[in-house]
Amino acid sequence: MRIEVLDADAGIFALRLDRAPVNALDPALCNALREAVRQAVGDGARGLVLASAHRPDGPAVFSAGLDVPHLLSLGDDRERLRAAWTAFFDAARALASCPVPVAAAINGHAPAGGCVLALCCDYRIMADSPDPTRPLRIGLNETQVGLAVPEGVQHLLQRVVGVNRAERLLVAGEMVDTAQAQRIGLVDEVVPMDRVVPRAHEWLASLLALPQDAMRRTREIARADVGAAMQPARIALDEFLDAWYAPGTQQALQALVARLRR
């Protein structure tokens, strides 16, 4: 996890997910993200950009979501599994409840947990794939690996794409490409890869040019439901962990890991 000052005068910082190769969200990265939000705001950030570290020779991935091989390696140790998932939801909650605006610069694929982090941000700018035959994709594909999406996370998707469309996407575990994501409102803008972070910077600068008391109070009211959605009661972690250990879920997760290792 890296913190960069993008614009010292405006107080715009970048938080870079930096765990090669695909920013899989293990407890260490989740805890580092939560701490980075706290540290950046404490150091005077007035706006944050959440992005993946730039790897010109690596895969274009914003975050591949939770580190499933790590989670499976915990076996029957429910307390360690709980701690891992708690670290993730704490990181998401830090973004959802951040006192300053956060723009997600989605410079790669964003399945599952990567999509959740983006949904916790104020604004989402996604890269257009340089190869039209291999579009970048984003979405909550949990049902495809045997996991039910918690109610609070479902709310985050509903508020940007609408209840009916969210139901279709969630139940099918569908991932959509960049163009469709923009059409349905899952992302706000699509720009070339090299423009994702600069455009996020520009969007934040436009907010920070407004009268700050009015902007911040209006934002606080408008986003109260985002922070509320990530509260523990709406995640129901015990129920989620029970489902994790179900035989069908374990089988689907093991199949996913086998595909990743090919």
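It should be noted that the structure appears before, not after, this text.
The structure presented is a predicted model; accordingly, all values stated were derived computationally and were not measured.

Observations concerning the packing of aromatic side chains
Applying the stated criterion across every chain yields a total of 6 aromatic pairs. On the numbers, 4.6 Å between centres and 70° between planes, the contact of Trp85 with Phe240 is edge-to-face. Of the two residues, Trp85 is situated in helix H3 (residues 78-96) and Phe240 in helix H12 (residues 237-244); the sequence distance between them amounts to 155 residues. Relative accessible area serves as the criterion here: at 7%, Phe240 is assigned to the buried category. Put simply, the rings of Trp85, Phe88, Phe89, Phe240 and Trp244 touch in pairs and so form one group of aromatic residues.

Concerning the packing of helix H5 (residues 151-161) against helix H6 (residues 163-172)
To describe two helices that pack against each other, one gives the angle between their axes and the distance between the axes. Put simply, H5 and H6 touch, their axes get as near as 7 Å, and they point 130° apart. As the angle between them shows, H5 and H6 are arranged oblique. Crossing geometry of H5 relative to H6 is assigned as right-handed. Counting all contacts with H5, which are made through Gln154, Leu157, Gln158 and Val161, the residues of H6 involved are Val163, Arg165, Ala166, Leu169 and Leu170. Class assignment for the residues of the contact of H5 with H6 results in 6 nonpolar, 2 polar and 1 charged.

Quick look at the side chain of Thr249
Following the sequence through the fold, Thr249 ends up in helix H13 (residues 247-260). A polar atom in the side chain of Thr249 sits 3.0 Å from the backbone oxygen of Ala243. Not counting the four nearest positions on each side in its chain, Thr249 is found in contact with Val145, Gly146, Leu147, Ala243 and Trp244.

Quick notes on the rules
- Residues numbered from 1 in each chain as written.
- Predicted model: local features only at pLDDT ≥ 70, side-chain atom pairs only at ≥ 80, totals over all residues.
- Heavy atoms only, no water.
- Phe/Tyr/Trp six-rings, centres within 6.5 Å; stacked < 30°, edge-to-face > 60°.
- Helix = DSSP H or I, 4+ residues; strand = E, 2+ residues; numbered from the N terminus.
- Buried < 20%, exposed > 50% of the residue type's maximum accessible area, 1.4 Å probe, protein only.
- Axes fitted to C-alpha atoms, helices over the stretch in contact; angles between N-to-C directions.
- Parallel < 35°, antiparallel > 145°, perpendicular 65-115°, else oblique.
- Left-handed = near helix turned anticlockwise from the far one by under 90°.
- Contact = heavy atoms within 4.5 Å.
- Nonpolar A, V, L, I, M, F, W, Y, C, P; charged D, E, K, R; others polar.
- Polar contact = N/O pair within 3.5 Å; in protein donor to acceptor, adjacent residues only side chain to side chain.

Remember, this is a structural readout, not a statement about activity or role.
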